[in-house]
Each structure stands twice: as C-alpha cells, then as structure tokens.
Amino acid sequence: MATAAHTLLPLSQLSRPVTQWVNQVRELTQPRAVRWCEGTEAEARELTAELLKSGELKNLNPEFFPGCQLYRSAPSDVARVEHLTYICTRSQEDAGPNNHWMDPQAAHAKMRDLFRGCMRERTLYVIPYCMGPLDSPLARCGVEITDSPYVVLNMLIMTRAGRPALERIAREGGFVRGLHSTGELDPERRFIMHFPEELSIESFGSGYGGNALLGKKCHALRIASWQARSEGWLAEHMLIVGLESPRGETHYVACAFPSACGKTNLAMLIPPESLPGWRVYTVGDDIAWLHPGEDGRLWAINPEAGYFGVVPGTNPQTNRNAYEMIRRDTLFTNVAVTADNQPWWEGLPSGKPALDWQGRPYDPANGPAAHPNSRFTVSARRNPSWSPHAEDARGVPISALVFGGRRREVAPLVYEARDWRHGVLVGASVASETTAAAVGQVGVTRRDPMAMQPFCGYNFGDYWQHWLNVGARLARPPRIYHVNWFRRDAQGKFLWPGYGENLRVLAWMLERCAGRAGASASAIGNLPRPKDLNTHGLNLAPGALEALLTVDPALWRREVGEIREYLAKFGARLPAALLEELGKTEQQLG
Ligand code: SAT
Ligand code: MN
C-alpha cells in the first residue's frame, strides 16, 4: 500500500529543491501553465497529438513510416551555435582559450532579462531526466525546464526521463539545472550559457539539437566534463561499440570523431560479406562516460537512451541498421517529403522530393532538399544492433580508444599511439574539416582535440592533464589509435571505401590488443604494414593502400609545427608531458 500511495504522489511533491527551483523559474518566466513530465508512453502520445493538432508536427506516410512525424525548425535555427555558447566560470583561465567566456554574474543578469516573462501564453514543462541507466552509480541526473513541447518529445526519446529520474533525484539530492526557452528564435537574442561551478545551464533563443536538448551536449559533455574532472572520470564525445570476432571474443571500443563524421554509422556498422563471422553491437553513438574500474580497466556507459543522428546519406549501403531503424516511431527534423508524404533526403536510392525541408516546392536552385544537418530522433532500442549491455549499471570494459578526424591529407588511415601518454597527445592533436552540424563555414580544417573543441566545459590544458591522471590510474589501459576514413587522392577521390569496410581497421586494432597483429614503428606511432590489414575482396585503386599507410615526413614536420603552435595557446596550463611526446615525434621525423 505504501508504495502505491508513494507512486501516486504528484511529481511536484517528490523533491523540494526541484520544486523550489521550478517555482522561481515560474515567477521569472510567467507561463500560463506548468506541466511535469511523467515519462510514460501515454504522455508522449498525448503531446504528439497536441503538436499534430497545432500543426507544429506533421504525420508522415503511415503505411511506410508508421509512428513517424516531421518537424520543421525555423530556417535560421538549424544547428549548434558555437559562437553563442559560453562557459561562465569565475576565472576566465578556468574556461580556457578553447571556450567563449562570460563572467557568471554578467551572464546571469543578461539571461534573466531574456527569460523575464518569456513564457507568457506558453506552457512550462519540467523534465526530470537521468543520463545513464537508472540503477547505475555512474549515471547522473538533471532537470530541464523548457517551453518547447518539441524539446520535450526529443528528451523523452534521448534520456531516461520522468518519474523514476525524479525519484532518484529525490534520493540523491543533487541535479543539473537546465533552463531553456525558445524565446523568439531571434539569432540576435540567442545564448547557450553554462555555469559548471553551479552545475547549471541557461539556453535562450534556439529550439534545435544541442542548443536546446540540454541533456546532450550541454549536460552530458560540458557540465559532465567538469564534474568528471573533480570525480576522477572522463565525459567524452565518443561512440561505444562492441565487436565480436569470429573467435567469439567481444571487445568494446570507444571512438571520438567530430559531429557529422560518421560516429552513428560506425556504431551500427554492418560487417561486409568478405568478413564473415563478425558481429557488431551498439552501446552508444555520441557520448561515453568513462570510469577507471577496480580491475584497472576503463569502463564506459552511454548516458543517452536514443540517437539524434544526421539523416542525409543514410541508406542501405551506408548504414542499413539506421535505415531500418528510422522507418517507424521516429521524429524527423528538417527533411524533405515526397509527393506521397514519405520523408526524403539526399543519398536515398529512390523517390524524389516534392517539398524541401522548409516546406517549399522542391527547386534544386534552393540547395539540397533535406537540410544537410537534418536529423532523426529515435529510441536506441529501435536499432537492430542495439546492445543490451547499454543497460549494464557498471558499463562495458574498453579495449581501445580511437580518435579521428576528417582530413584530405596528412593523417594516415590508422596509427597506434606508443602508449597512453603519447595517446593523449594524439587526441589533443586531432584536426578535422568542419561540417554542417554547427553554424559556420563547412570544410575548413581546425583543431578539434578529442573531438571536444565545442564541448569541453573547461580549459583544455587542465583537461589533458586530467586525461594523463586518469591514465596513470589504469593498470590495464586501453590502447589508443587515430583513424582517418576521409583521405583523398590528388583528384579529390576518397582512397578508402569507409562504412562497413572500416571493420577491417578495427579488426587490426583488436588483433594488436591481443598481441597477434604486426605493425611497423614510425615517428607518429605504429602503422599496419599492407600485409597486416585484411584487404581481401576490396578493390582498392593501385597504390591506394600504400598512400593510406604512408607518413610523409615533410607534411608531418609541418603538422608538428602547427600542433606546437596550437598547444602553445594553453600556456602554463599545458602539461609538459605533451611537449615531451611531441618532441619525440619531431626527433624521429628527422
Ligand atoms: O546538435 S547536436 O549537438 O545535438 C548534434 C551534434 O552536433 O553532434
Ligand atoms: Mn555529437
């Protein structure tokens, strides 16, 4: 009886600190109603029905895409806004040269002005959520307050949201506070502010992705990276994938690539027919929380419960799992539609767009039919390769960490760091061509250490030192690799087929971890010799493999110079160990 009575308690009575905060926000923002999210399916259905009625969502063809809806965002609100994203620490040094910084008091004052009265005529939604399995000691909770029902629907898919999360918060006390309003969607009045010292987030003026789904980049990376440093773990922009070899051994690998560089595709990789006996299991596609375990290994959980993936390019060849997964119960944002109301995007093998992502009759003169950063939101359990170990409270043990970027030249297909310390330098030196996931010019090469440039909630110098410290605590650290699926030849053609064939590279890494595969030492680390990589059945162009596995000393001397110049920005906070490792590489380049 006691439990039954307990579950009937209104959510607003479960946690006093949460209720007090909701009341303060209500006074500031003046909503016409407050709705606490239970996290039930009935609630999601009800909310969807309301949005269909108001026209904010549209049903897609129920015969081919049952349970799927389309949302069109404001055309000026289609990606993360890094230039409007701030880390607000008391000392600017703590935010570091890698972040935009604002004084916390000034930032709060600015945001208070924006939030004042901003929810008049709107409903305020309270979303308690848990990042990570509800029973995991590694999981952390938050509460997002938002006036966007679209954000609520996304959060219900992307996190463990609702009553069980609030019950955990009531037990534990602490939670990350995320306040969000779409405001007027005015790019001139848009800010994404983080207060790591207060474990809070304030986001105004955008309804899109990482700007608005505060559990994702804002909490699980920027705030969590700060929490992780003080608690001795790592919050990383990494997919987690389980690879079962034909020998029947399963190893877990975590890989950091910048946004829109294929993390989701790699996490759901389908082994090519020429590699029989391999199986792939997805634990996560975007974020990993990594903890040193008592056994001296590194253990990982995926804090998310769904995927917010890039739609264009998804097809049966590139990612059959995702292609199947998004055919039901999926929320599409900014895709095109066909004449019979099916979602359509660039890269689909058939169909043609009738309306573009803005709902205009499709005209190629207006650019792509689907926005290049159009997204699907879908429960992780819809993924045919979903790993039930994604629910394990202690996580999965990591055998290898992989960094990567999108680079036409310089970086070879794969190399292995000499050891953890060198691996931290390899991660810190990642560079990549920018993509449509953030507002700004696409295709410019920039440094993106550990793929965390937009997401690290504190000074990169301190972050690299923290990486070194975590490594020092691991008796059995994972090996560290760097990959580049995006090398091109002089004509601009990709040298490597990518997608499912990337398993060949992962297989080499796992064989290295098991002490069974060969490599040759180079100045930048260990590379497979052509014979160490299984290229059976791959029709690589003549000379392509050699080009993919070559370290060009002249290009690398320039690269080392650029890395040194980049690292120098971090001044006294830069760990000396990284310069020592860079010195070793430079010396060996001759
Ligand atoms: O917009 S999100 O940050 O959620 C997606 C991404 O950039 O990876
Ligand atoms: Mn991402």
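Calculation notes
- Residues numbered from 1 in each chain as written.
- Chains lettered and ligands numbered in written order.
- Predicted model: local features only at pLDDT ≥ 70, side-chain atom pairs only at ≥ 80, totals over all residues.
- Heavy atoms only, no water.
- Near = heavy atom within 4 Å.
- Polar contact = N/O pair within 3.5 Å; in protein donor to acceptor, adjacent residues only side chain to side chain.
- Helix = DSSP H or I, 4+ residues; strand = E, 2+ residues; numbered from the N terminus.
- Buried < 20%, exposed > 50% of the residue type's maximum accessible area, 1.4 Å probe, protein only.
- Pairing = 2+ DSSP bridges.
- Salt bridge = Lys/Arg side-chain N within 4 Å of Asp/Glu carboxyl O.
- Donors = N, O, S within 2.8 Å, 3.2 Å for Na, K, Ca; no water.
- Axes fitted to C-alpha atoms, helices over the stretch in contact; angles between N-to-C directions.
- Parallel < 35°, antiparallel > 145°, perpendicular 65-115°, else oblique.
- Left-handed = near helix turned anticlockwise from the far one by under 90°.
- Contact = heavy atoms within 4.5 Å.
- Nonpolar A, V, L, I, M, F, W, Y, C, P; charged D, E, K, R; others polar.

A. Main features of the site of ligand 1. Around ligand 1, a shell composed of Arg80, Gly209, Gly210, Lys216, Lys217, Ser259, Phe308, Arg375 and Ala437 is seen. The separation between an oxygen atom of ligand 1 and a polar side-chain atom of Ser259 is 2.9 Å. At the level of secondary structure, the elements contributing two or more residues to the shell around ligand 1 comprise helix H8 (209–212) and helix H9 (215–231).

B. Just the pairing of strand E10 (residues 191–195), in detail. Summarising burial for E10: 5 of the 5 residues are buried, a large majority. The two faces of E10 match: Phe191, Met193 and Phe195 on one face and Ile192 and His194 on the other face are all buried. Relative to E10, strand E4 (residues 85–87) is paired through 3 bridges, and the arrangement is parallel. Counted as the bridge partner of Thr85 is Ile192 from E10. As paired strands, E10 and strand E11 (residues 200–204) are joined by 5 bridges and run antiparallel to one another. Considered in E11, the bridge of Phe195 is made with Ser200.

C. Spatial organisation of the pattern of salt bridges. The final tally for this structure, using the stated rule, is 39 salt bridges. Among the salt bridges present, the one from Arg122 reaches Asp147, with a minimum N-O distance of 2.8 Å. Residue Arg122 is found in the loop between helix H5 (104–115) and strand E6 (123–131), and its partner Asp147 is found in the loop between strand E7 (140–146) and helix H6 (149–158); the two are separated by 25 residues along the sequence. Using a relative accessible area of 25% as the deciding quantity, one classes Arg122 as partly exposed. Look at Asp147 and you get buried, because its relative accessible area is 6%. Because the salt bridges share partners, they merge into one network encompassing Glu93, Asp94, Arg229, Asp462 and Arg573.

D. Structural detail: the coordination of the manganese ion (ligand 2). Taken together, the protein donors to the manganese ion (ligand 2) comprise Lys217 (NZ), His237 (NE2) and Asp286 (OD), at separations of 2.2 Å. Of note, the donors binding the manganese ion (ligand 2) are all from one chain and are spaced K-x19-H-x48-D. With a gap of 20 residues between them, Lys217 in helix H9 and His237 in the loop between strand E12 (234–236) and strand E13 (238–244) connect regions that are remote in the sequence. Judged by relative accessible area, which is 5%, Lys217 ranks as buried.

E. Representation of the packing of helix H12 (residues 420–428) against helix H13 (residues 460–472). At their nearest, the axes of H12 and H13 sit 10 Å apart, and the two run at 150° to each other. Considered as vectors, H12 and H13 are oriented roughly antiparallel to each other. In the crossing of H12 with H13, the sense of the turn from one axis to the other is right-handed. Contact residues: H12 offers Trp420, Arg421, Val424 and Ala428, while H13 offers Trp464, Trp467, Leu468 and Gly471. Split by residue class, the contact of H12 with H13 holds 6 nonpolar, 1 polar and 1 charged.

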